[in-house]
Structure formats: C-alpha cells, structure tokens
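Listed below are the residues making up each chain.
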Amino acid sequence: MKELRFDGRTAIVTGAGGNPSLGRVYAMLLAARGANVVVNDIGSKHAPGAATAQGVVDEIVALGGKAVADTHSVATEAGANAIIQTALDAFGGVDILVNNAGIIFNTAFDEISSTDIQRTMDVNLMGPIWTSRAAWPHMKKAGYGRIVNIVSGSMYGFALQAAYAASKGGVYSLTRAMATEGKRLGIKVNSVAPGAFTRMVIGSQEEDCRTYQGTKAHMPAEVVSPAVAFLAHEDCPVNGECFDVMAGHVRRIYMAQTPGISVPDITIEKVAARWDEVMAGTSPDIFLVTDFDGFQRHDKPYKPS
Ligand SMILES: NC(=O)c1ccc[n+]([C@@H]2O[C@H](COP(=O)([O-])OP(=O)(O)OC[C@H]3O[C@@H](n4cnc5c(N)ncnc54)[C@H](O)[C@@H]3O)[C@@H](O)[C@H]2O)c1
C-alpha cells in the first residue's frame, strides 16, 4: 500500500503542547508525513507539566518537519480567529483542523463550580465551534477540508463528569451537523473518542488507581494518532462518523434507534404496557458507565478554578 502523506497540506492541532499528550503525537505524525503544522496550546494549570507548543515545534523541526507555535486560546472567537490566522500567515492556508484542546474537572454535578462548568463548555464545546467557523471559509474557498473533532467516551454518560460529558456530546452532534453542511463543499468532518496516558490522566487521577496504571502501561498516545491522521487525510472515506480509538483499537461509534412501537391512539397506559417493545433491540454493547466505583477511577480532590 502507498504511504499516506500530507505534503503541501497545512494542519492545525489545538491543545498540542503537552507531553505526554494526544495533540503532540497528532502534530508529530502529521509533520512526519509532510504536513506543515500549527502547534497550538495555551499551556494549562489543569494539565501539569512544563511542555509548551514551542517545545513540540522544536521536536518537529529537529526531526526535519515544518511547524510553528501558536498560543492563543480556542475558548474565544478572537483567539480561534488568531489561530487560523497563524496558519494563513505561516503557510498560506488551512487544510486540516484537529480540534483537540480540552479540559476536565472530575466532581459531582452539584459540586463543580459554575465557573468551571462554563470553562469546560468554553474550551471543549465552544472551542471547536469557534476554530471550525474560522477555518470554514478558507476550506470552503479551497473546496477542500478535513476536520477531526476530539470527543470522549464520557459522552455516553460517565459519572462525575457531567459538564465534560455534555461538552463532548455537543461536539459529537456538532460533527454530524458540520459534516452534513461540509459534504457539498469538499469538507469532511469526523470525530474520535480517544484513550491514552496523558497529562489529563496525570492531572486528574491518583497514581494508585487502575485508570492511571492501566493507561500508563497499555495506552500510549502514539497508537491513537494513525486513525486521527487517516481521518485527516485526503483518502478519508467517511464523513460525520465517530470512532473509539485506543490501545490499537479503532471502533465505530454510532447512534442507534430501536424499531419501537407505533400506536396512533397512544395513551400513557399503552406506552407502559408495551414498554418492553420500546426497548427491544437496544444494543447490549453500549458502554454506559454510571457507577463511579465500577470505573475504578480515583479522582484527585476537586479544586475549583
Ligand atoms: N487522555 C484520554 O484518555 C482522553 C480520553 C477522552 C478524551 N480525551 C480528549 O483528548 C484531548 C487531548 O487531551 P489529552 O489527554 O492529551 O490531555 P492534555 O491535557 O495533555 O491535552 C489538552 C491540552 O489542551 C490545552 N488547552 C486547554 N485549554 C486550552 C485552550 N483554551 N486553548 C488551547 N489549548 C488549550 C492544554 O494546555 C493541554 O495541553 C482532549 O480534548 C481530551 O478531552 C482524552
């Protein structure tokens, strides 16, 4: 099979300044395969570690790649516009946008501060909206674009992550809506729910739990990047799809609807009487984590911003 390359393409990866992090490996793989890359990251106290966007750029350049750093925030429209402008100024266009920047606060729905709910939405949901809207006219004009939005398995409904789950579920739906509009413009938009040992795990989990140790031992970020890069490639065969990608797995995630019932003279009692039929056909393999202990996390104590 021919090597899948990105020569002449310009990619922006948001939130790519961490190490270990997912954004960094997306940026490095795209650059290694010939793309010009904008490595964006504001640095974050919620993602501990000294790594920066410039640090990842230095790594890419040392390996012979082309990259520039950008430190604007995805959380505001002005910041997002500036990120796209960095790509235009440095490389003359934008072909690929990986909306990867994200933050998380693990705590009960009634305990997370209003400020942190808003911050989660601003970075995780509004970020991809602002950056994609800023990139869209350029992709539209070029008749070509690839957007990969990073969501999370949390959107199935993980406990103690209500704001984070809602933000990622929003991006899942955003992806499908943008894909529908992008179809006639040559723009493909897909999403990935990754899993890997990163600063997000280090920052949010105690070292003694299975999530921390399991991801550290078996889930390097490097094995997530090939599927993300494929969705960012010209040969990407899908649009509006979502994939679970971790530890070498690449699995399609999709919405489902049961055959249900159809009752013209429906009443509350008829719904109650036929409830088993409403539910029949529900896929048993949806991974719905509602039990905090069952997930074997050990969250660090929550400290409001
Ligand atoms: N690690 C996992 O297992 C996992 C699971 C599901 C989803 N994700 C998602 O993957 C993405 C990458 O996370 P990661 O695990 O590599 O964690 P990470 O903390 O290493 O990376 C996220 C980066 O986003 C940056 N960032 C935060 N706010 C920003 C802003 N306003 N503008 C620009 N950059 C900003 C942070 O500085 C950080 O470097 C996130 O969207 C996360 O929600 C990760």
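Everything numeric in this text was worked out from a predicted model, so none of it was measured.

1. Side note on the overall build of the chain
In terms of regular secondary structure, the chain is built from 10 helices and eight strands. Its C-alpha atoms give the chain a radius of gyration of 20 Å, near enough to 19 Å, the size a compact globule of 305 residues would have. Each principal axis of the C-alpha atoms in the chain carries an extent, and together these give about 65 × 50 × 40 Å. A buried classification covers 44% of the 305 residues belonging to the chain. Contacts spanning at least 24 positions in sequence make up 73% of the contacts within the chain whose residues lie at least 6 apart.

2. Details of helix α3 (residues 77–91)
Residues separated by three or four positions in an α-helix point in the same direction, a consequence of the helix having 3.6 residues per turn. For α3, which comprises 15 residues, the first-to-last C-alpha distance of 21 Å matches the rise-based estimate of 21 Å (1.5 Å per residue) to within 8%. Those residues of α3 that fall on the buried side of the exposure criterion are Ala80, Ile83, Ile84, Thr86, Ala87 and Phe91. End-on, the buried residues of α3 take up no more than an arc of 140 degrees, which puts them together on one face. α3 presents Ala78 and Asp89 as exposed residues on the side facing more than 90 degrees away from its buried surface. On its buried face, α3 is in contact with β1 (10–13), β2 (36–40), β3 (66–70) and α4 (114–142). Gly92 occupies a position one or two residues after α3 and carries a positive phi of about 85 degrees.

3. Some details on the sheet that holds β2
Here eight strands make up an open sheet; going across it, the order is β3-β2-β1-β4-β5-β6-β7-β8 and the pairing mixed. Strands at the two margins of the open sheet, each flanked by one partner only, are β3 and β8 (249–253). Neighbour to neighbour, the strand axes of the sheet diverge by 20 degrees on average, direction disregarded. The sheet contact formed by strand β5 (residues 145–150) and strand β6 (residues 187–195) spans six bridges and is parallel. What sits directly across from Arg146, in β6, is Lys188.

What counts and what doesn't
Residues numbered from 1 in each chain as written. Predicted model: local features only at pLDDT ≥ 70, side-chain atom pairs only at ≥ 80, totals over all residues. Helix = DSSP H or I, 4+ residues; strand = E, 2+ residues; numbered from the N terminus. Rg over C-alpha atoms; globule rule 2.2 N^0.38 Å. Buried ≥ 20, exposed ≤ 12 C-beta atoms within 10 Å, placed from the backbone. Contact = placed C-beta atoms within 7 Å. Expected span 1.5 Å × (residues − 1). Arc of directions from axis to C-beta. Pairing = 2+ DSSP bridges. Axes fitted to C-alpha atoms, helices over the stretch in contact; angles between N-to-C directions.

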